[in-house]
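An overview of the molecular structure
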Amino acid sequence: TAFVVEDISNIIKEAVDTTIGSSPFQTARVNAWTSAVVETCLSQLAKLGKPFKYIVTCIVMQKNGAGLHAASSCFWDNTTDGSCTLRWENKTTYCIVSVFGLGL
Amino acid sequence: MPGFDPALELQRGSSISTVSYIDEPGQHDENPRPAVQMENTYQLGPVKRFPVLTVNNILKDVLTSYLQEEKYEAELCRQMTKTISEVIKARVKELMIPRYKLIVLIGIGQLSEQNNLRIASRCLWDPSSDTFASYAFKNSSLFAVANVYAVYFE
């Protein structure tokens, strides 16, 4: 059982599409969105039943010209652990979701 | 890759997404190492716990020293995120906490009057042995967020 990037990226994409979809950015809903995206991802990942510990991070940002950079560095075992980052956007919102999976 | 037609993605709604990831595990070695066999150590939990407060201070030091006087510029901040994440990883490794795997996540963004941003994370792990440290820094033109996750390796 290794970390399969494609499955994970599909899970994340589904989670973001169903939570935010094509809704316009609304400050009042951002909290709910980030929580929902992360909870959905985590529950779907747990359902995979693989022997992994997961860390899911989500950044939601309004599109208004400001810039954002994100980087991550990891100290782990390349053969058993992996990560997947999905950058998603719609007309008014950017969303970056990172999933890190550490093999047990 | 089957089913990954970008034109199709655009039609499916008004959202686009791109995926990025490091190399597939185990594929990038020319001489793949055989899977390491670990011996039992009969150790149930971490001997030395992860010092959250020390790491919080490290994050504060590194972010303040690198970013105190900087203004947000795309190229500079791109280099800066990578550099800072490597520096933080090296400093936490110096603490020599045995059997902990580290993940360092850095975000640097531009401050503008209307900028609305929310960062959230959730983890599926063992809360008695795994933990995280976090720090957020702000100056007049940019903000930076640093998260370090420490996961115990059994």
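See above for the structure.
The structure contained in this document is the topic of the report that follows. In this numbering scheme, every chain counts its residues from 1 along its sequence in written order. Numbering of ligands from 1 and lettering of chains from A proceed in the order in which they are written. Per-residue local features of the predicted model are confined to residues with pLDDT of at least 70, and side-chain atom pairs are confined, for both listing and counting, to 80 or more; whole-chain, interface and lining totals are unaffected and use all residues. Neither water nor hydrogens contribute to the side-chain values; these are computed over all heavy atoms in the structure.

1. What about the environment of Asn64(A)?
For clarity, the cut-off: Strands are runs of DSSP state E lasting at least 2 residues, helices are runs of H or I lasting at least 4, and numbering of each runs from the N terminus.
Structurally, the position occupied by Asn64(A) is in the loop between β1 (52-62) and β2 (68-75). Considered as a pair, Asn64(A) and Glu89(A) are 25 residues apart in the sequence and their alpha carbons are 13 Å apart.

2. What to know about the nonpolar core
Applied cut-off: For the purposes of this section, nonpolar cores are sets of buried Ala, Val, Leu, Ile, Met, Phe, Trp, Tyr and Cys residues that join through side-chain atoms within 4.5 Å. Whether a residue is buried, partly exposed or exposed follows from its accessible area with a 1.4 Å probe, protein chains only, as a fraction of its type maximum: under 20%, in between, or over 50%, in that order. Any two residues whose heavy atoms approach within 4.5 Å are treated as being in contact.
Formed by 28 residues in total, the largest nonpolar core has its most connected members in Ile12(A) and Val97(A). In terms of residue count, the dominant contributor to this core is helix α2 (residues 27-47) of chain A (seven residues). When sequence neighbours within four positions are dropped, the list of residues in contact with Val97(A) reads Ile12(A), Val16(A), Val37(A), Cys41(A), Val56(A), Thr57(A), Cys58(A), Cys84(A), Thr85(A) and Leu86(A). With 27 residues, the next largest nonpolar core counts Leu67(B), Met80(B), Ala133(B) and Ala144(B) among its residues.

3. Observations concerning the sheet that holds strand β5 (residues 142-152) of chain B
Note the threshold: Between any two strands, pairing holds if DSSP finds at least two bridges. Note on geometry: axes are lines fitted to C-alpha atoms, helical ones only across the stretch in contact, with angles between N-to-C directions running from 0 to 180 degrees.
Taken in spatial order, the four strands make up an open sheet running β2(A)-β2(B)-β5(B)-β4(B), and their pairing is antiparallel. The open sheet is flanked by β2 of chain A together with β4 (131-138) of chain B, the only strands paired with a single partner. Averaged over all pairs of adjacent strands, the angle between their axes in this sheet comes to 10°, without regard to strand direction. Sheet analysis places β4(B) next to β5(B), joined by eight bridges and oriented antiparallel. Looking across to β5(B), one finds that Thr131(B) is bridged to Ala150(B). Those strands touched by helix α2 (residues 52-67) of chain B are β2 (100-110), β4 and β5 of chain B, and its axis lies near 25° from that of β4(B). Against the sheet, helix α3 (residues 74-94) of chain B makes contact with β2 of chain A together with β2 and β5 of chain B, and its axis sits at roughly 25° relative to β2(A), the strand it touches most.

4. Quick notes on the interface of chain B and chain A
For the record, the criterion: The term buried area means the drop in 1.4 Å probe accessible area that two parts suffer when joined, counted for both and summed. Here, a salt bridge means any Lys or Arg side-chain nitrogen found within 4 Å of an Asp or Glu carboxyl oxygen. In protein, a polar contact means a hydrogen-donor-capable atom and an acceptor-capable atom, both N or O and within 3.5 Å, with residues adjacent in sequence counting only if both atoms are side-chain atoms; elsewhere, any N or O pair within 3.5 Å suffices. All amino acids are sorted into three groups, where Ala, Val, Leu, Ile, Met, Phe, Trp, Tyr, Cys and Pro are nonpolar, Asp, Glu, Lys and Arg are charged, and the leftover types, Gly among them, are polar.
Chain B puts 58 residues into the contact, and the matching count from chain A is 57 residues. Carbon and sulfur atoms make up 56% of the area that chain B and chain A hide from each other, which totals about 4900 Å². Looking at the side of chain B facing chain A, the largest losses of area belong to Arg118(B), Arg122(B) and Leu124(B), adding up to 15% of the total buried there. At the boundary of chain B and chain A, one finds three salt bridges. Close ionic contact of Asp130(B) with Lys53(A) constitutes a salt bridge, the shortest N to O distance being 2.9 Å. The tally of links between chain B and chain A comes to 19 residue pairs in polar contact (both at pLDDT 80 or more). Those elements that place two or more of their residues in the side of chain B that touches chain A are β1 (16-20), α3, β2, β3 (117-124) and β5 of chain B. Considering every element that reaches the side of chain B that touches chain A, the biggest residue donor is β2(B), with eleven residues. Considering only residue class, the side of chain B that touches chain A consists of 27 nonpolar, 17 polar and 14 charged. As paired strands, β2(A) and β2(B) are joined by eight bridges and run antiparallel to one another.

5. Re unusual backbone geometry
Residue and element names in this part refer to chain B. A positive phi angle is found at Met-96, which is not glycine, with a value near 55°. Relative to the helices and strands, Met-96 is located in the loop between α3 and β2. Residue classification places Met-96 among the exposed residues on the basis of a relative accessible area of 63%. Even without a glycine there, the phi angle at Arg-99 is positive, about 65°. Here Arg-99 is to be found in the loop between α3 and β2. Looking at Arg-99, the relative accessible area reads 28%, which means it is partly exposed.

6. Remarks on the environment of Ile11(A)
Residues and elements named next belong to chain A. Checked against the element boundaries, Ile-11 lands in helix α1 (residues 5-19). Of the residues examined, Ile-11 reaches a relative accessible area of 14% and is grouped as buried. Considering only alpha carbons, one finds Ile-11 and Gln-44, 33 residues apart in sequence, at a separation of 7.0 Å. Those residues in contact with Ile-11 that sit more than four places away from it in its chain are Cys-41, Gln-44, Leu-45 and Leu-48.

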